[in-house]
Amino acid sequence: MKKVLISMLFLLFSSGIAVAQTQQIVTPEKKDQANVFNDLYCSYGIGSLYYYINANTNSSWTYTGIGTFILGYTRSMNKVIGVGFQVAYTPLRATLNSGYTGSRNYNYLQALARIKFQYLNRAVFAMYSGVAIGVAIDYYSESGFEVSNGSSSKQEISPAGQLTLLGFRVGRRAAFCGEFGIGTLSILNMGFSYKFGE
């Protein structure tokens, strides 16, 4: 009886080992960035046209800005063309150069529709150009000697646009991205991109 029980346990144990050896561990396949079509990104840019236009319009004011904060989404239609949108915030401050006290604050909120053209689309590296157009709302406020009641504020709508001459993305799903161009967003911006979906 003891020998039969040991034989049965041995058979059960050896069949379990055989089944375990036939099962293979499946590792998830890493998707190339070219095969993931939804791109969500955020970046920081310097050199908005709003800064240069305001600074060159009135020489009696000194303008300072902290740059532009950009959030965007692009959906790839195919390996070359992508469409999406961008929203951005650009704050500027101006102070008088003379002895008088006065300040102006500009807060540009931008919304742009964008089309992107990828001319290099590798597994972990992409290069592209693009164009975006839209509108900006300037939440403008002024305080100082020129204002009778001490301060005033208003909102103005102005055009917004960006021409991306050279953009790049390095990574698969999570990646580092950057762009060089001209427009109301920035001359140069750098940030983080994450691709998802199929």
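This text goes with the structure placed above it.
Residues numbered from 1 in each chain as written. Predicted model: local features only at pLDDT ≥ 70, side-chain atom pairs only at ≥ 80, totals over all residues. Heavy atoms only, no water.

(A) Examining the overall build of the chain more closely. From N to C terminus, the chain includes two helices and nine strands. For the chain, the α and β elements follow one another from N to C terminus as α-β-α-β-β-β-β-β-β-β-β. When each of the 198 residues of the chain is scored for burial, the buried share is 35%. Of all intrachain contacts in the chain linking residues separated by at least 6 positions in sequence, the fraction that spans at least 24 positions is 61%. Summing over all exposed atoms, the chain offers an accessible surface of approximately 11,900 Å²; the carbon and sulfur share of this is 68%. (Helix = DSSP H or I, 4+ residues; strand = E, 2+ residues; numbered from the N terminus. Buried < 20%, exposed > 50% of the residue type's maximum accessible area, 1.4 Å probe, protein only. Contact = heavy atoms within 4.5 Å. Areas by Shrake-Rupley, 256 points an atom, 1.4 Å probe, with all protein chains shown as cover.)

(B) Just the nonpolar core, in detail. Counting 16 residues, the largest nonpolar core has Tyr50 and Tyr106 as the members making the most contacts within it. Only β2 (61–65), β4 (81–96), β5 (102–121) and β6 (125–144) provide two or more residues apiece to this core. The leading source of residues in this core is β4, at four residues. Ignoring sequence-local partners within four residues, the contact set of Tyr50 consists of Leu92, Tyr108, Gln110, Ala136, Ser158, Pro159, Ala160 and Thr184. (Core = buried A, V, L, I, M, F, W, Y, C linked by side-chain atoms within 4.5 Å.)

(C) Seen up close, the environment of Cys177. Position of Cys177 among the secondary structure elements: in strand β8 (residues 174–183). For Cys177, a relative accessible area of 7% translates into the label buried. Separated by 12 residues in sequence, Cys177 and Asn189 place their C-alpha atoms 8.5 Å apart. Sequence-distant contacts of Cys177, defined by excluding residues within four places in its chain, comprise Tyr41, Phe168, Arg169, Asn189, Met190, Gly191, Phe192 and Ser193.

(D) View of the side chain of Asn189. Tracing the chain through its elements places Asn189 in strand β9 (residues 188–196). Classification of Asn189 by relative accessible area gives buried; the value is 5%. Engagement of the side chain of Asn189 in a polar contact is seen with the side chain of Ser186, the distance being 3.3 Å. Among residues more than four places away in sequence, those in contact with Asn189 are Ser43, Tyr44, Gly45, Ile70, Cys177, Gly178 and Glu179. (Polar contact = N/O pair within 3.5 Å; in protein donor to acceptor, adjacent residues only side chain to side chain.)

(E) Focus on the pattern of salt bridges. This model, assessed by the stated rule, comprises four salt bridges. Close ionic contact of Asp39 with Lys116 constitutes a salt bridge, the shortest N to O distance being 3.9 Å. In this pair, Asp39 sits in strand β1 (residues 38–46) while Lys116 sits in strand β5, placing the two residues 77 residues apart along the sequence. Assigned by exposure class, Asp39 and Lys116 land together as buried. (Salt bridge = Lys/Arg side-chain N within 4 Å of Asp/Glu carboxyl O.)

Such coordinate-based values are descriptive only and should not be taken to indicate function.
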